[in-house]
Amino acid sequence: MKVKLKNIQKNPHRNFDLNPIDQNKIEKLKESIERTDFWDNIMARPKGNLFELAYGHHRLEVLKQICGDNYTIEVIVRNLNDDQMLQIMTNENNDWYSSSANKHEVISAAKKLHPEYNNKEIAELLNINPSYVSHYKAISKAIEGNYFDKSIIKEVENYHNLSVVASQVIKNKTEKKDIKQIYERSMKYARQALNRSIITKKDFDNAFKDIQNEIILLKKEPKTQE
């Protein structure tokens, strides 16, 4: 079906506040489309006189920037339910396994869609490892309590690590400005211990204590006279 870009809305499960459009991806797609032209592969469901996008949000944004809102494209239209819209959005995202923002976005959407589901049922709905869902609670608590923001979610790509950071930030009442530094030092502790790629609460605590001690020592150092 031919549809104008202005009549295509985002997937109702897509949360641009939590997981914004990636500008680097936009620029790469622009170069690709301008070089090889656009390939028709966008799916949506009807919503009144409009359409809700199942996947392809970055491609849609690039087309709007290049061609304008009145540009018409061929869209695959399917009568998809809410579960299917969420599953398609999850499965289509090639960066899902390397992005904490993607994971938290879809798990949040699934929990909102099915508040009665337990972690195992959420994992089955999304076809993901249940361990991902187990990390959701601590991360949500940190976000809702304003302990950290989107920049930390983007920085800590490993979802397990993000849950450790979340729980430890709340426990230690860590200031936002210090989180990145403590996380990076936590990773150094992890790599030194059997070259681990994930951090533990102990790694974070050690890094936190190191930095706190350094701050105390700096305050105690006498100022040099000019």
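Cut-offs and rules
Residues numbered from 1 in each chain as written. Predicted model: local features only at pLDDT ≥ 70, side-chain atom pairs only at ≥ 80, totals over all residues. Heavy atoms only, no water. Helix = DSSP H or I, 4+ residues; strand = E, 2+ residues; numbered from the N terminus. Rg over C-alpha atoms; globule rule 2.2 N^0.38 Å. Buried < 20%, exposed > 50% of the residue type's maximum accessible area, 1.4 Å probe, protein only. Contact = heavy atoms within 4.5 Å. Lys, Arg positive; Asp, Glu negative; His and termini not counted. Charge placed at Lys NZ, Arg CZ, Asp CG, Glu CD. Core = buried A, V, L, I, M, F, W, Y, C linked by side-chain atoms within 4.5 Å. Pairing = 2+ DSSP bridges. Salt bridge = Lys/Arg side-chain N within 4 Å of Asp/Glu carboxyl O.

Peer 1: Please explain the overall build of the protein chain as it appears in this structure.
Peer 2: Of regular secondary structure, the protein chain possesses eleven helices and six strands. The C-alpha atoms of the protein chain give a radius of gyration of 22 Å, which is well past the 17 Å a tight globule of 226 residues would have. Overall size of the protein chain, expressed as C-alpha extent along the three principal axes, is 75 × 50 × 30 Å. Counting across all 226 residues of the protein chain, residues that qualify as buried make up 41%. Contacts in the protein chain between residues far apart in sequence, at least 24 positions, make up 70% of those at least 6 positions apart. Computed over 37 positive and 32 negative side-chain charges, the inter-centroid distance for the protein chain is 4 Å.

Peer 1: Explain the nonpolar core to me, please; I cannot follow it from the model alone.
Peer 2: Across soluble globular proteins, nonpolar side chains show a tendency to be buried alongside one another. Residues Leu86, Ile107, Leu126, Ile128, Phe148, Leu162 and Val165 are the most contacted members of the largest nonpolar core, which totals 40 residues. At seven residues, the largest contribution of residues to this core is made by helix 9 (residues 159–172). Discounting chain neighbours no more than four positions away, the residues touching Leu126 are Leu86, Thr90, Asn91, Val106, Ile107 and Ala110. Judged by nonpolar contacts, the second largest core, of eleven residues, contains Ile42, Leu53, Leu60 and Ile73.

Peer 1: I'm lost on the pairing of strand 3 (residues 43–47) in this one. Help?
Peer 2: Sheet faces and side chains relate simply in a regular strand, where the side chains alternate between the two faces. Here strand 3 pairs with strand 6 (residues 76–77) via two bridges, running parallel. If you follow Ala44 over to strand 6, its bridge partner there is Val77. Examined bridge by bridge, strand 3 and strand 4 (residues 50–53) share four bridges and lie antiparallel to one another. Looking at the pairing, Pro46 lines up with Phe51 of strand 4. Where strand 3 folds back on strand 4, the antiparallel hairpin that results is connected by two residues, among which Gly48 adopts a positive phi of roughly 65°.

Peer 1: It is not clear to me how unusual backbone geometry should be interpreted in this structure. Could you clarify?
Peer 2: Keep in mind that most residues, glycine aside, have a negative phi and that most peptide bonds are trans. A positive phi angle is found at Asn127, which is not glycine, with a value near 60°. In this fold, Asn127 is placed in the loop between helix 5 (119–126) and helix 6 (130–134). In the Ramachandran plot, Asn146 falls in the positive-phi region, its phi being about 60° despite a non-glycine side chain. Relative to the helices and strands, Asn146 is located in the loop between helix 7 (136–144) and helix 8 (150–155).

Peer 1: Even after reading the chapter, I still don't get the sheet that holds strand 3, so can you show me in this structure?
Peer 2: In any sheet, the strands associate via hydrogen bonds between backbone groups, in a parallel or an antiparallel arrangement. Across the sheet, which stays open at both edges, the four strands sit in the order 2-4-3-6 with mixed pairing between neighbours. In this open sheet, the two strands that pair with only one neighbour each are strand 2 (8–9) and strand 6. Two elements, strand 2 and strand 4, share two bridges in a ladder whose sense is parallel. In the sheet register, Ile8 faces strand 4, and the bridge partner there is Phe51.

Peer 1: Looking at this structure, I do not really get the pattern of salt bridges. What am I missing?
Peer 2: Oppositely charged side chains can pair when the atoms bearing their charge come close. Applying the stated criterion across every chain yields a total of ten salt bridges. Between Asp205 and Lys171 there is a salt bridge; the shortest N-O distance is 3.0 Å. Pair noted here: Asp205 is in helix 11 (residues 201–220) and Lys171 is in helix 9, with a separation of 34 residues, a long-range link. Relative accessible area serves as the criterion here: at 16%, Asp205 is assigned to the buried category. Here Arg196 and Asp203 are joined by a salt bridge, their closest N and O atoms 2.9 Å apart. Using a relative accessible area of 25% as the deciding quantity, one classes Arg196 as partly exposed. Residue Asp203 is classed as buried on the basis of its relative accessible area of 5%.

Just geometry here; none of it tells us what the structure is for.
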